[in-house]
Amino acid sequence: MPVVGLVLALLWLAVPLAPVLVWAGAERWSYPDLLPGAWGVVGWRDAAAAGLQLALLRSLALGLAVAAVATPLGVMTGRVLGWRLTGRPRLVVALLLVPLVLPPFAVAMGLDVVLIRVGLPELVSVVLLLSVVAIPYTAYTSATAFARTSPELEVQARALGATPRQARLRVVLPAVRGSILVAALLAFLVGWSDYVVTLLVGGGQLVTAPVLLGAAASGSGNDAAVASMALATLVPPVALVTVAALRIRGSRSTAPPDRPSESVPEQERMHR
Amino acid sequence: MTSRRVSGAAPGIVAITVVAGTGMAAVVATSVGLMPLYGEPAPSLDGWRSAAPDLVAGIGESLLIAVPATVLAALVGFLLATLMLGGGRAASVVRLACLAVLAVPHLVGATSVSLLLGDGGAAARLAAPAGVDDWPALVGGPWPVATVLELAWKESAFVALVVLAAVAPGHRMRMQVAAGLGARPVQRVLRVLLPTAAPAVGAASLVTLVYAIGSYEVAWLLGRAVPEPLPVLAFRLFGSIELTDRPAAAAAAVTGSVLALCIAVPALATLPRLRALSTGGAP
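Remember, it's a predicted structure, so these values are computed and weren't measured experimentally. (Residues numbered from 1 in each chain as written. Chains lettered and ligands numbered in written order. Predicted model: local features only at pLDDT ≥ 70, side-chain atom pairs only at ≥ 80, totals over all residues.)

**A closer look at the overall build of chain B**
Our working rule: Working definition: helices are DSSP H or I runs of at least four residues, strands are E runs of at least two. Numbering for both runs from the N terminus. Exposure in this text rests on C-beta crowding, where 20 or more other C-beta atoms within 10 Å of a residue's own make it buried, 12 or fewer make it exposed, and counts in between make it partly exposed. The C-beta atoms are placed from the backbone.
The secondary structure content of chain B amounts to 12 helices and 0 strands. Reading the helices (α) and strands (β) of chain B from amino to carboxyl end gives α-α-α-α-α-α-α-α-α-α-α-α. The C-alpha extent of chain B, read off along each of the three principal axes, is 75 × 70 × 30 Å. For chain B, the proportion of its 283 residues judged to be buried stands at 48%.

Here it is in structure tokens:
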């Protein structure tokens, strides 16, 4: 790779985040100084006073809840798609595209009116809606993993006396464990990162880290506190993704090559 | 056994159908007065009428943001993927950086871009010693420059990873064969790499375009006050203290959804033709 290309690529990817990193450690930064005149943690103190810790905990809980709902639903759908167990794969794929195509704010806006009438708690509504947004990601990730894994595994486990449940939990799931973790991570990111659905359906009662950041960024004028909130919201997902990427890379370098999907016996597939 | 296997897809699909279907049906009903927050339903197009001028401007603003952001993301994403296809440690570093950017919430990206490109931001500080005293209004100015750049920045990482995943298997072999057949480097890019990457670039660009049309927080934080893109318009009207603004908010939400569908459905029909480019055969 040419050095110029590498430098330009890293500049494009990293520079937009640089102001947050610098401002989060700035105590005083007058214009037009290139660097802060004084470094400190005043931004973090202000962010903490605004409720950053609780907001982060709420985001964590929301991310985990969305992952807990969307991952099993996505894995079930991914298994059917990956092993071609449905006679209408195009319909399943088309329905999975719906949450990606329809703007989440539009669905949330309509659902908010319904949920007010039904009386469903805001937290449940937010988790439900974000889980639906996350299902396409978990389903496609799982489908890819199942397509690489032969359904013979499950058949052989059954032939050796395992119940259907045992065959799935003890044989099939461990074989696609890595991809399921990636699917769960994607669902977690949907819950952690969301702003508009949480604000709309949550009615401002569910103050997650992005909701707190949005309120501060739009009007506080305290750049150090805003940057601290942004950095605190940024680090957990980036760290999770980085660790997952490094672990997957490490496991791929030691694991045997994946089975090609062509190894799936014809009788195990359903016709399109 | 087969029927039980097939039913495995059902819970996820049912959840999507029920939630998205109910949400869209309710927002359409709200826009025509059939689901008022209080009072009796009364069919009316008042919401659409009152929002009409803003809807037209909102469609224009949404496209003014989404189209350039998508084109820029596709271009940069393709270049990033090309760099990563070279392999080696540097490619791993760029790939990891793309993954990290992908994990950044858009709101965090928008916050940082406002500190970068806004008045008194990092870019203005860097430009000041060069005599640039009048920093252009890139945030909240007459053109949605910061909004476009933020969306393009984050989505370029997405495009790059999608293209990399689609093109990397067999890439080296294809390039070697093309070189063996006498193709020059430019010909290899234009006649081998580009057609191979076209379906992935097309699919990722479509996702980016549809996402950008429905994206709220970036345009809300970095965009100008007037005209508002459809999500910002819908959200503002939805939060209005005037309950009569609810149907207008729903009309803006329906318009945004229809706009996304009008782009996505024909584009999805075109994607198999793009795929045929990479295989050289029928879709």
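**Thoughts on the overall build of chain A**
Spelled out, the test is: For every residue pair, C-beta atoms are placed from the backbone, and the pair is scored as a contact if these atoms sit within 7 Å.
Check the secondary structure of chain A and you find 13 helices and 2 strands. Each of the three principal axes of chain A carries a C-alpha extent, and together these read 70 × 60 × 30 Å. Considering chain A as a whole, with its 272 residues, one finds that 49% of them fall into the buried category. A sequence separation of at least 24 residues applies to 76% of the contacts in chain A between residues at least 6 apart.

**Regarding the interface of chain A and chain B**
Facing the 71 residues of chain A at the interface are 74 residues of chain B. For the side of chain A that touches chain B, the element with the most residues is helix α13 (residues 223-254) of chain A, which contributes 11 residues.

**Looking at unusual backbone geometry**
With omega at 5°, the peptide bond leading from Y31 of chain A into P32 of chain A counts as cis. Summarising the element assignment, P32 of chain A is placed in the loop between β1 (26-28) and β2 (38-39). The step from V226 of chain B to P227 of chain B runs through a cis peptide bond, and the omega angle for that step is -10°. Following the sequence through the fold, P227 of chain B ends up in the loop between α10 (217-222) and α11 (230-238). Phi is positive for R84 of chain A, which is not a glycine, with a value near 50°.

**Concerning the packing of helix α3 (residues 46-85) of chain B against helix α7 (residues 145-167) of chain B**
Residue and element names in this part refer to chain B. The criterion, for reference: Axis definition: a line fitted to C-alpha atoms, over the contacting stretch in the case of helices. Angles run 0 to 180 degrees between N-to-C directions. Roughly parallel refers to an angle under 35 degrees, roughly antiparallel to one over 145, roughly perpendicular to one between 65 and 115, and oblique to any angle outside these ranges. Crossings are sorted by hand: turned counterclockwise from the far helix by less than a right angle, the near helix makes the crossing left-handed, and turned clockwise it makes it right-handed.
The interhelical angle for the contact between α3 and α7, taken along N-to-C directions, is 40°, at an axis separation of 6 Å. Judged by the angle between their axes, α3 and α7 are oblique. Seen from above, α3 lies across α7 with right-handed handedness.

**Examining the environment of V210 of chain B**
Mapped onto the elements of the fold, V210 of chain B is located in helix α9 (residues 185-214). Sequence separation between V210 of chain B and A157 of chain B is 53 residues, and the spatial gap between their C-alpha atoms is 16 Å. When residues no more than four places from it in sequence are discounted, the contact partners of V210 of chain B are L100 and V101 of chain A together with A260, I263 and A264 of chain B.

**Quick notes on the nonpolar core**
What counts here: A set of buried residues drawn from Ala, Val, Leu, Ile, Met, Phe, Trp, Tyr and Cys, joined through C-beta atoms within 7 Å, is what defines a nonpolar core.
If you look at the biggest cluster of nonpolar residues, it comprises 177 residues, and the most contacted ones within it are V66 of chain A together with V163 of chain B. Not counting the four nearest positions on each side in its chain, V66 of chain A is found in contact with V127, L130, S131, A134, A187, F188, V190 and G191 of chain A.

**Things to note about the confidence of the model for chain A**
This is how the line gets drawn: The pLDDT score gives, residue by residue, the confidence of the prediction method on a 0 to 100 scale.
Looking at chain A as a whole, the pLDDT averages 88, with 92% of positions reaching at least 70. This stretch, residues 256-272 of chain A, has a pLDDT under 50; its non-local contacts, to residues over four places away or in other chains, come to 21 contacts.

**Regarding the confidence of the model for chain B**
Residue and element names in this part refer to chain B. Per-residue pLDDT for chain B averages 90, and the proportion of residues at 70 or more is 93%. Of all helices and strands in chain B, the one with the weakest mean pLDDT is helix α1 (residues 2-6) (51), whereas helix α5 (residues 106-117) scores best (97). Prediction confidence for the complex, expressed as pTM and ipTM, is 0.89 and 0.89 respectively.

**Thoughts on helix α12 (residues 209-217) of chain A**
In terms of residue burial, α12 of chain A counts as a mostly covered element, since 8 of its 9 residues are buried. Turning to α12 of chain A, its buried residues are A209, P210, V211, L212, L213, G214, A216 and A217 of chain A.

**Notes on the packing of helix α1 (residues 3-14) of chain A against α3 of chain B**
Basically, it comes down to this: Classes in brief: Ala, Val, Leu, Ile, Met, Phe, Trp, Tyr, Cys and Pro nonpolar; Asp, Glu, Lys and Arg charged; the others, Gly included, polar.
Packing of α1 of chain A against α3 of chain B brings their axes to within 11 Å, and their N-to-C directions diverge by 135°. Relative to α3 of chain B, the element α1 of chain A is oriented oblique. The handedness of the crossing between α1 of chain A and α3 of chain B comes out as left-handed. Listed contacts from α3 of chain B to G5, L6, A9 and W12 of chain A of α1 of chain A are V76, L80 and L83 of chain B. Grouping the amino acids of the contact of α1 of chain A with α3 of chain B by side-chain chemistry returns 6 nonpolar, 1 polar and no charged.

**Let's talk about helix α2 (residues 10-31) of chain B**
Residues and elements named next belong to chain B. What counts, and what does not: Here, expected helix span is obtained from the residue count minus one, scaled by 1.5 Å.
A rise of 1.5 Å per residue sets the reference length of α2, with its 22 residues, at 32 Å; its end C-alpha atoms lie 31 Å apart and thus fit the reference within 8%. Those residues of α2 lying buried are G12, I13, I16, V19, A20, G23, M24, A26, V27, T30 and S31. Where α2 ends, the next residue or the one after it, G33, has phi of about 80°, a positive value.

**Concerning the environment of V201 of chain B**
All names here are of chain B. Secondary-structure assignment places V201 in helix α9. A tally of 23 C-beta atoms within 10 Å means that V201 is categorised as buried. Placed 127 residues apart in sequence, V201 and A74 show a C-alpha to C-alpha distance of 6.5 Å. When residues no more than four places from it in sequence are discounted, the contact partners of V201 are A74, F78, V159 and V163.

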